[in-house]
Amino acid sequence: QVQLVESGGGLVQPGGSLRLSCAASGFTLDYYAIGWFRQAPGKEREGVSCISSSDGSTYYADSVKGRFTISRDNAKNTVYLQMNSLKPEDTAVYYCATYSGEDSWHLPGEYDYWGQGTQVTVSS
């Protein structure tokens, strides 16, 4: 059974950090580019970052560039999203997903398998 499970979310103060994990089961992550998305209440799902399967190329939304870092550990079948200097506007449910598209990593429709999401709340 193909499954992605996110973890690491929680409540953090502005300026704080969190590391999200996306663990795969039922398949090997090595062969997939993986993206992170987020969705705040009343808003559309937004592409945050993506990491390729081949050369480890990374992509970021302008809103998180310089603050978030995506990485992968194929030995652990896990992809991570390190989030630093968090802002209240980063508050959302964060999802990881497998990318099957060509050059539109930020579009949710280009992804196949999704995790259930993990809540990130940035508040004082």
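Residues numbered from 1 in each chain as written. Predicted model: local features only at pLDDT ≥ 70, side-chain atom pairs only at ≥ 80, totals over all residues. Heavy atoms only, no water.

**Student:** Just checking my understanding: could you explain the state of the cysteines for this structure?
**Tutor:** Note: disulfide means a covalent bond formed between the sulfur atoms of two cysteine side chains. Counted under the stated rule, the structure contains one disulfide. No disulfide involves Cys 50; its sulfur sits 11 Å from the nearest other cysteine sulfur, which is in Cys 22. For Cys 50, a relative accessible area of 2% puts it in the buried group. (Disulfide = S-S within 2.5 Å. Buried < 20%, exposed > 50% of the residue type's maximum accessible area, 1.4 Å probe, protein only.)

**Student:** Even after reading the chapter, I still don't get the nonpolar core, so can you show me in this structure?
**Tutor:** The tendency in soluble globular proteins is for nonpolar side chains to be buried as a group. By size, the foremost hydrophobic cluster in this structure holds 27 residues, and its most contacted members are Trp 36, Phe 68, Val 79, Leu 81, Met 83 and Tyr 94. Sorting the residues of this core by element identifies β3 (18-25), β4 (33-39), β5 (46-51), β7 (68-73), β8 (78-83), β9 (92-99) and β11 (118-122) as the ones contributing at least two each. Ranked by residues supplied to this core, first place goes to β3 with four residues. Counting residues in hydrophobic clusters, the runner-up holds seven residues, among them Ala 33, Cys 50, Ala 97 and Tyr 111. (Core = buried A, V, L, I, M, F, W, Y, C linked by side-chain atoms within 4.5 Å. Helix = DSSP H or I, 4+ residues; strand = E, 2+ residues; numbered from the N terminus.)

**Student:** What is the right way to look at the sheet that holds β8 in this model?
**Tutor:** Backbone-to-backbone hydrogen bonds join strands into a sheet, with any given pair of strands oriented parallel or antiparallel. The strand order across the open sheet built from four strands is β1-β3-β8-β7, with neighbouring strands paired in antiparallel fashion. Each end of this open sheet is capped by a strand with a single partner; those strands are β1 (3-7) and β7. Going across the sheet, the axis of each strand differs from the next one's by a mean of 15°, ignoring polarity. (Pairing = 2+ DSSP bridges. Axes fitted to C-alpha atoms, helices over the stretch in contact; angles between N-to-C directions.)

**Student:** Which parts of the structure should I look at to understand the pairing of β7?
**Tutor:** Looking along a regular strand, one sees side chains alternate from face to face of the sheet. The alternating pattern of β7 places Phe 68, Ile 70 and Arg 72 on a buried face, while none of Thr 69, Ser 71 and Asp 73, on the opposite face, is buried. Of the pairings in the sheet, the one linking β7 to β8 comprises six bridges and is antiparallel in character. The partner of Arg 72 across the bridge, within β8, is Val 79. The turn joining β7 and β8, which pair antiparallel and follow one another in sequence, is formed by four residues; a positive phi near 55° is taken by Asn 77.

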